[in-house]
Number of protein chains: 2
Amino acid sequence: MEEHENSRCENCIIRQINSFKALKKEELKQMSDHKETRKVKKGEILFKEGERLSGVYCVRSGISKLSKLSDNGKDQIVKLAGKGEVLGQRSLITSEQTNLSATALEDMDVCYIPKNHIQESLMQNPVFTNTVLKRMASELKTADHTIVNMAQKSVRQRLARGLLYLGDSFGTDEDGFLYLQLSRSNLADIVGTATELLIRTLTKLKKEGAVSISGKRIKLEDKKLLYAIAEGI
Amino acid sequence: MEEHENSRCENCIIRQINSFKALKKEELKQMSDHKETRKVKKGEILFKEGERLSGVYCVRSGISKLSKLSDNGKDQIVKLAGKGEVLGQRSLITSEQTNLSATALEDMDVCYIPKNHIQESLMQNPVFTNTVLKRMASELKTADHTIVNMAQKSVRQRLARGLLYLGDSFGTDEDGFLYLQLSRSNLADIVGTATELLIRTLTKLKKEGAVSISGKRIKLEDKKLLYAIAEGI
DNA sequence: CGACGGTTTGACCAGTCTCAAATAAAGTGG
DNA sequence: CCACTTTATTTGAGACTGGTCAAACCGTCG
């Protein structure tokens, strides 16, 4: 029985945009033979903080949030991961439990890749290891940046930055609305505040003409203004 | 003229506690021949955010803060680096400017290692690369944790955690006082708050018997209590 | 229709920031 | 070593931001 082109890692377009592009043909072949494709529905959990993973997830389509529960019971979204991102890689590298939970914000297609393939390539393919290292170093940089934002900036500033980030990372639909439609509470969990305050702050931005809102959908009307707000008027 | 044992990387004890332990004898020899030892006085800056480094610093003694300036003009300390830490590695890996500034909090002895040695080893010694990768992954985990703390916890909670961190990382002197004596404003920059509020919060902790204070020196009197406070009473 | 979950609004309180001024400590030059 | 300058710490008061609770609202789905 013939496999479809798409289902082979060697032919997967996703590979072009993540560290897997550094893998050799032989490694990809191995990987492809043992991977499992999986569909994840919006709201489903890929893994929970504290779990031990036996592999990683490569996102083919859809968007997932990576979040961590604080002692006070609130979720903080640390990162959004879309097409091409590899989930679970960090904890695999340190052989620890995951420190974040991954939840689908949209229906997703992912590939599950058993960890031994990744680990072998890490040991034997220096180019791959270097690519992963670069990626990790780059994530660390943005994490440091986020720390400063969280510690030093107001909710208003963080919201402005968050909206710009959503626009840059996931784009807009034909009408200019943010492609990714987050619930208010998810948006609050990105900004790191309570839902109520998020709503009030968003409303202010609307009154000032920085954004417009239609139901769940948000449009960035004045990016310059948002940038100015984010940097602290 | 004979070199002292200590001045050779091959014999350096520091190496045992960082990624350089994964280097081969030959690499260490090369590195040692080209390194420069340097003394840095308290308050001096090793490098500033935005600079391009042509090497990394390996800390032999003393403690440095890694901080980032926010748009509002305030410094946020992202990390403290003591004996064995390698500064500037992240930006070297991504070939970018540094995203943090490094400032000595005490007199320091550091070794400056030109970047080409590190880069060569990253390309040619997979064990070394893997060690660096593990370290970076582990830093990313703590960074994620810090993000959540900054976003979700009160100044009181963050201070409690910060004090415990100082105790764990740098220990105490014979009287039980924190070894690292930070200025109030440095402490505030770790916690991510204004100096005034930091002082008030610290005073409260003292009244509650969690810490005692003598001048600049701080003693953790009741760690259990501090833990409880950090997790959110 | 009624129940449900997510959204919005109001009111209120607690937490945090800022400015200014008083005090203490640390340097500096004679 | 002292007198003086500068820097760090502490305290107070007031304004502002952000968090919480409760209730109203709305759209969806069974």
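Only a predicted model underlies this, so the values are computations on that prediction, with no experimental measurement involved. Position labels on residues start from 1 in each chain and follow its written sequence. By the order in which they are written, chains take letters starting at A while ligands take numbers starting at 1. Side-chain atom pairs in this predicted model are given and counted only at pLDDT of 80 or more, local residue features only at pLDDT of at least 70, and totals for whole chains, interfaces and linings cover all residues. Excluded from the side-chain calculation are hydrogens and water; included are all heavy atoms of the structure.

J.: Would you mind going over the sheet that holds strand 4 (residues 64-69) of chain A with me for this structure?
T.: Within a beta sheet, neighbouring strands are joined by backbone hydrogen bonds and run either parallel or antiparallel to one another. Residue and element names in this part refer to chain A. Spatially, four strands are ordered 2-7-4-5 in an open sheet, and the strand pairing comes out antiparallel. The two strands at the open ends of the sheet, each matched to only one other strand, are strand 2 (45-47) and strand 5 (75-81). With direction set aside, neighbouring strand axes in the sheet form an average angle of 30°. For two strands to be treated as a pair, DSSP must find no fewer than two bridges joining them. Only DSSP runs of H or I reaching four residues or more are called helices, and only runs of E reaching two or more are called strands; each is numbered from the N terminus. Note that strand 4 and strand 7 (residues 101-104) share four bridges and pair antiparallel. Bridging from a neighbouring strand, Ser64 pairs with Ala104 of strand 7. The axes are straight lines fitted to the C-alpha atoms, using for helices just the contacting stretch, and the angles between their N-to-C directions are given from 0 to 180°.

J.: What am I meant to see in the interface of chain B and chain A here?
T.: Quite often, the size of an interface is put as the accessible area lost when its parts meet. Note on contacts: a residue pair qualifies if any of its non-hydrogen atoms lie within 4.5 Å across the two residues. The partner chain A presents 41 residues to the 41 residues of chain B that form the contact. What counts as a salt bridge is simple: a side-chain nitrogen of Lys or Arg found within 4 Å of a carboxyl oxygen of Asp or Glu. Along the contact surface separating chain B from chain A lie four salt bridges. Between N or O atoms, a polar contact is any pair within 3.5 Å; within protein, one atom must be a potential hydrogen donor and the other a potential acceptor, and residues adjacent in sequence are included only when both atoms are from side chains. The interface formed by chain B and chain A includes 14 residue pairs in polar contact (both at pLDDT 80 or more). Every element with two or more residues in the side of chain B that touches chain A is listed here: strand 5 (75-81), helix 2 (89-93), helix 3 (115-124), helix 4 (126-152) and helix 8 (223-231) of chain B. In the scheme used here, Gly and all other residues not listed as nonpolar or charged are polar, with Ala, Val, Leu, Ile, Met, Phe, Trp, Tyr, Cys and Pro taken as nonpolar and Asp, Glu, Lys and Arg as charged. Looking at the side of chain B that touches chain A residue by residue, the class counts come to 17 nonpolar, 12 polar and 12 charged.

J.: I tried to follow the UniProt feature "domain: Cyclic nucleotide-binding" (unreviewed entry) in chain A on my own but got confused; where do I start?
T.: UniProt positions are given in the numbering used here, feature names are shortened, and annotations may be inferred rather than shown by experiment. Mapped onto this numbering, the UniProt entry gives "domain: Cyclic nucleotide-binding" (unreviewed entry) at residues 19-139 of chain A. Helix makes up 32% of residues 19-139 of chain A and strand 34%, whereas the separation of the span's terminal C-alpha atoms amounts to 13 Å.

J.: Help me out: how do you make sense of the domain arrangement of chain A in this one?
T.: Residues and elements named next belong to chain A. Domain delimitation in this document rests on an assignment produced automatically or drawn from a domain database. Domain annotation of chain A identifies domain 1 (9-150) and domain 2 (153-231). A C-alpha centroid distance of 26 Å is found between domain 1 and domain 2. Opposite the 13 residues of domain 1 that make contact, domain 2 presents 14 residues. Accessible surface is computed with a 1.4 Å probe, and the buried area is the amount of it that two parts give up when combined, taken over both parts together. Approximately 1,300 Å² of surface area, both sides summed, lies buried where domain 1 meets domain 2, with 56% of it carried by carbon and sulfur atoms.

J.: Even after reading the chapter, I still don't get the protein's contact with DNA strand D, so can you show me in this structure?
T.: Here, proximity means that at least one heavy atom of the residue falls within 4 Å of the molecule or strand. Contacts to DNA strand D come from 15 residues, most closely from Val155, Thr193 and Leu197 of chain A together with Arg184 and Arg200 of chain B. Each atom of DNA strand D within 4 Å of the protein belongs either to a base or to sugar and phosphate, the latter forming 53%. Within the contact set of DNA strand D, a base nitrogen lies 3.2 Å away from a side-chain nitrogen or oxygen of Glu196 of chain A. For DNA strand D, a phosphate oxygen lies 2.8 Å from a polar atom in the side chain of Arg184 of chain B. Sorting the residues of the surface near DNA strand D by element identifies helix 7 (195-207) of chain A together with helix 6 (184-191) and helix 7 (195-207) of chain B as the ones contributing at least two each. Here the residues of the surface near DNA strand D are counted per class, giving four nonpolar, four polar and seven charged.

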